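A look at the structure
Each chain, letter by letter, is given below.
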Amino acid sequence: MRVLVTGGAGFIGSHLTDALLARGDDVVVVDDLSSGREARLDPQAVLHKLSVTEAGSLTEVVESERPEIICHLAAQINVRASVDAPEHDAEVNVVGTVNVLEAARTAGARVVFASSGGALYGRDAPIPSREDVLALPESPYGIAKYCAEQYVGLYNRLHGTQHCVLRMANVYGPRQDPAGEAGVTTIFCANVLAGQDPVIYGDGNQTRDFVYVGDTVRAFLAAADSRRPGTWNVGGGDEITVLDLVAIIGEVAGHVVTPRFDPPKPGELLRSAVAIDRATSELGWRPLTPLAEGIAAVCEWIESGAPERGWC
Ligand SMILES: NC(=O)c1ccc[n+]([C@@H]2O[C@H](COP(=O)([O-])OP(=O)(O)OC[C@H]3O[C@@H](n4cnc5c(N)ncnc54)[C@H](O)[C@@H]3O)[C@@H](O)[C@H]2O)c1
């Protein structure tokens, strides 16, 4: 297949690009390199340094490259930045997605949209949260992802397309910058390996759903190959407390870890975990990487100097 990956120089996008190339697909990347890095890209991938907010240039690229699939991962991913500058977040995450959908129309390409399970379901959502729970996002980032999802669904109804949505939980793995949505795993691993005590905000009993980047990439491949519309949660299958996460990192690293505790961050969800049975039954996808195994990969990657390439 010929696949265009927006955000392909980012954490998840660069792993996805590697996996697509490894199975013989042609890959074109659109990335403005605002947080992504060219060094993460396999030289076989063609990079267009471009923002998805530039509708005209984006359409030109899509018209000339003629992808069959567009995996749309380019995004402003920092939740706190979305609170400080919601207009910029909406410009990239909402308008950027509309631009991708419009560009896809010119080439008849199918869009696989990277949404967020962690930011969409509100604080009262039943755990694990299913796809049909009413989304009540708690941040401009979550609202923008939800709004973009609505456009994806609207395009399917309006234009008869087969676009689809993956709602990812907290993705973690090698190449992840500490600042991202799930950067906590990288930060804690780096702390523990350096002999520092990780800082937990709150009492550590808040829960999250961690899914390994390699498993996430397989969900993209399954969604791309399915050729059907849909919205699927992508999670690790377990609800994990932050205290448990720190304990697992300590065990993997072979260090005794004594976390320090700071006051909870305002607005932080107490519980978050997604139900994944829809992706399992409809896409044949399930996570395969136990948390300790994924954490071991992150620790090895950090101990190797956190290289831009390799490690999945
Ligand atoms: N990491 C997670 O836990 C997680 C969870 C749920 C959803 N997501 C979604 O997955 C996608 C990838 O996330 P990631 O963790 O790899 O983040 P990332 O920041 O590593 O990757 C995002 C990429 O998009 C690029 N980008 C940003 N703005 C752009 C723009 N205007 N035009 C073109 N490129 C632009 C960045 O340079 C970067 O390479 C995002 O859409 C994010 O919202 C991530």
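Just above sits the structure.
Below you will find a few notes about this structure. Residue positions are given per chain, counted from 1 along the sequence in the order it is written. The predicted nature of this model means local features are confined to residues of pLDDT at least 70 and side-chain atom pairs, given and counted, to a pLDDT of 80 or more, with totals for whole chains, interfaces and linings taken over all residues. The basis for every side-chain value is the complete set of non-hydrogen atoms in the structure, without hydrogens or water.

**A short note on helix H1 (residues 11–22)**
In this model H1 runs 17 Å from its N-terminal to its C-terminal C-alpha over 12 residues, within 8% of the 16 Å that 1.5 Å per residue would give. In this scheme, a residue with accessible area under 20% of its type's maximum is buried, one over 50% is exposed, and one in between is partly exposed, where area comes from a 1.4 Å probe on protein chains only. Here a strand is any run of E in DSSP of at least two residues, a helix any run of H or I of at least four, and the numbering for each starts at the N terminus. Burial analysis of H1 places 10 of its 12 residues in the buried class, which makes it a mostly covered element. Three or more residues of H1 are buried, namely Phe 11, Ile 12, Gly 13, Ser 14, His 15, Leu 16, Thr 17, Asp 18, Leu 20 and Leu 21. Any two residues whose heavy atoms approach within 4.5 Å at even a single point are treated as in contact. Buried residues belonging to H1 abut strand E1 (2–6), strand E2 (26–31), strand E4 (69–72), strand E6 (164–168), strand E7 (170–172) and helix H8 (213–226). Take the residue count of a helix, subtract one, and multiply by 1.5 Å to get its expected span.

**Describing a nonpolar patch on the surface**
What makes a patch is a set of residues exposed beyond 30% relative accessible area and free of salt bridges, joined within 9 Å when like-charged and within 5 Å when nonpolar (Val, Leu, Ile, Met, Phe, Trp, Tyr). Reported accessibility uses the Shrake-Rupley method at a 1.4 Å probe radius. Residues are deemed covered only where the shown protein chains occlude them. When a carboxyl oxygen of Asp or Glu is within 4 Å of a side-chain nitrogen of Lys or Arg, the pair counts as a salt bridge. A cluster of nonpolar side chains, namely Tyr 151, Leu 154 and Leu 158, defines an oily patch on the protein surface of about 260 Å² accessible area. Along the chain, Leu 154 falls in helix H6 (residues 140–159).

**Side note on the site of the ligand**
Neighbouring the ligand are 31 residues, the closest being Phe 11, Asp 31, Gly 36, Leu 73 and Tyr 141. Pairing of N or O atoms within 3.5 Å defines a polar contact, subject to two protein rules: one partner must be a possible hydrogen donor and the other a possible acceptor, and residues neighboring in sequence count only if both atoms are side-chain atoms. At a separation of 2.5 Å, an oxygen atom of the ligand approaches a polar side-chain atom of Asp 31. Between the ligand and the protein, one listed contact pairs a nitrogen atom with a side-chain N or O atom of Ser 51 at 3.0 Å. If the ligand stood free it would expose 820 Å²; the protein chains cover 97% of that surface. Only H1, strand E5 (110–116), H6 and E7 provide two or more residues apiece to the shell around the ligand. A per-element tally of the shell around the ligand places E5 first, with three residues. Working definition: residue near molecule or strand if any one of its non-hydrogen atoms lies within 4 Å of it.

**Thoughts on the nonpolar core**
Residues Val 5, Leu 16, Cys 71, Val 112, Leu 166 and Phe 220 are the most contacted members of the largest nonpolar core, which totals 58 residues. If one sorts the elements of this core by residue count, H8 sits on top with eight residues. Dropping the residues within four chain positions of it, Val 5 is found in contact with Gly 13, Leu 16, Thr 17, Leu 20, Val 27, Val 28, Val 29, Val 30, Cys 71 and Leu 73. We call a set of buried Ala, Val, Leu, Ile, Met, Phe, Trp, Tyr and Cys residues a nonpolar core when their side-chain atoms join them within 4.5 Å. Among the nonpolar cores identified, the runner-up in size contains 23 residues, and Leu 58, Val 61, Ala 109 and Ala 148 belong to it.

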